[in-house]
Amino acid sequence: MTTVGFIGSGAIGTAIARLAVDAGHQVVLSNSRGPETLADMAAELGPRASAATSGEAAAAGAIVVIAVPVKAFPHVPAAALAGRTVIDMCNYGPERDGPIPELDNRSLTSSELLLRHLPDAMVVKAFNNIFFKHLLSLARPAGAADRSYLPIVGDSALAKAAVTTFIESIGYSVLDAGPLADSWRQATGTPVWGTPYGPYSNEKGQPVGEDAIRAALAAATR
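Analysis parameters
Residues numbered from 1 in each chain as written. Predicted model: local features only at pLDDT ≥ 70, side-chain atom pairs only at ≥ 80, totals over all residues. Heavy atoms only, no water. Helix = DSSP H or I, 4+ residues; strand = E, 2+ residues; numbered from the N terminus. Rg over C-alpha atoms; globule rule 2.2 N^0.38 Å. Buried < 20%, exposed > 50% of the residue type's maximum accessible area, 1.4 Å probe, protein only. Contact = heavy atoms within 4.5 Å. Areas by Shrake-Rupley, 256 points an atom, 1.4 Å probe, with all protein chains shown as cover. Lys, Arg positive; Asp, Glu negative; His and termini not counted. Charge placed at Lys NZ, Arg CZ, Asp CG, Glu CD. Core = buried A, V, L, I, M, F, W, Y, C linked by side-chain atoms within 4.5 Å. Salt bridge = Lys/Arg side-chain N within 4 Å of Asp/Glu carboxyl O. Pairing = 2+ DSSP bridges. Axes fitted to C-alpha atoms, helices over the stretch in contact; angles between N-to-C directions.

Caption draft 1: Local environment of the overall build of the chain. When helices and strands are tallied, the chain shows nine helices and eight strands. Here the C-alpha atoms of the chain give a radius of gyration of 16 Å, agreeing with the 17 Å that 2.2 N^0.38 yields for 222 residues. Here the chain, with 222 residues, has 52% of them falling under the buried criterion. Considering only residue pairs separated by 6 or more positions, the chain has 65% of its internal contacts joining residues 24 or more positions apart. Accessible surface, the chain as shown: approximately 9600 Å² in total, 55% of it carbon and sulfur. In the chain, which carries 17 positive and 20 negative side-chain charges, the distance between the mean positions of the two groups comes to 3 Å.

What follows is the structure in structure tokens.
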């Protein structure tokens with residue numbers, strides 16, 4: 001099993017952590033407010049979970065999940081993430097993050113912006129397109145007829161293989177949707193963002209197969 005570090009432990013981060021613990025992985029949680037604020041969550045998740053600083057979580061994880069506002073990218077511990085497989089599940093929101101010229105003029109995707117801050121990491125975009133309650137409720141064992149797909153993108157075949165193995169272990173199948181430059185196809189407001197899994201009002205969500213995810217990605221415009 002894998003140790004997964006979390007930089008940012010909000011709703012979606014802790015949903016992934018919960019699925020990871022249930023699948024037998026170790027998780028190390030962190031946030032910007034200090035490990036003491038995560039003690040209750042770590043205790044709830046059980047003995048496979050612990051709380052730490054962001055630097056400690058980055059150093060501990062064979063895979064490290066980044067779940068922070070895009071404006072916080074400069075505070076992500078780059079040195080500790082050198083050589084690591086990093087899952088970027090962040091979404092850009094100008095109303096929260098403030099204007100970021102490279103994203104507003106579309107010269108970069110938010111994942112490429114993260115890679116610029118983490119030049120020695122291997123970044124894979126995943127989990128950013130699904131509501132956290134749907135993520136929890138739609139997990140299915142391997143071979144289940146109603147197992148859902150999640151898209152991933154990245155430039156490192158090694159990192160994508162590691163992320164695919166992890167995602168498959170927590171209840172989902174994976175669609176490799178190409179290089180990191182194509183991560184805009186699953187960004188906020190695109191056809192694959194949230195909609196295929198059902199409305200937020202339906203907390204259980206609806207299973208989504210490979211063909212539907214592939215079609216939603218293809219329908220994206222920039």
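Caption draft 2: Layout of the nonpolar core. Ranked by internal contacts, the top residues of the largest apolar core, which has 67 residues, are Ile66, Leu81, Phe127, Leu135, Phe166 and Ile167. Looking at this core element by element, the count peaks at seven residues for helix H1 (residues 11-22). Discounting chain neighbours no more than four positions away, the residues touching Ile66 are Ile7, Val76, Leu81, Val86, Ile87, Asp88, Met89, Cys90 and Leu114.

Caption draft 3: Representation of the pattern of salt bridges in the model. Considering all chains together, one arrives at eight salt bridges under this definition. Between Asp97 and Arg96 there is a salt bridge whose closest N-O contact spans 3.1 Å. Given a relative accessible area of 41%, Arg96 falls into the partly exposed group. Across the pair Asp176 and Lys160 runs a salt bridge, and its minimum N-O distance is 2.9 Å. Residue Asp176 is found in strand S8 (residues 173-176), and its partner Lys160 is found in helix H8 (residues 157-169); the two are separated by 16 residues along the sequence. The class for Asp176 is partly exposed, based on a relative accessible area of 45%.

Caption draft 4: Structural view of the sheet that holds strand S2 (residues 26-30). With respect to topology, eight strands assemble into an open sheet ordered S3-S2-S1-S4-S5-S6-S7-S8, the strand pairing being mixed. Only two strands of the sheet have a single neighbouring strand rather than two, namely strand S3 (49-51) and S8. The average undirected angle you get between the axes of adjacent strands in this sheet is 25°. Across the sheet, helix H6 (residues 110-117) lies against strand S4 (63-66), strand S5 (85-88) and strand S6 (122-125), angled at about 160° from S6, the strand it touches most. The strands touched by H8 are strand S1 (3-7), S4, S5, S6, strand S7 (149-154) and S8; relative to S7, the strand with the most contacts, the crossing angle is about 160°.

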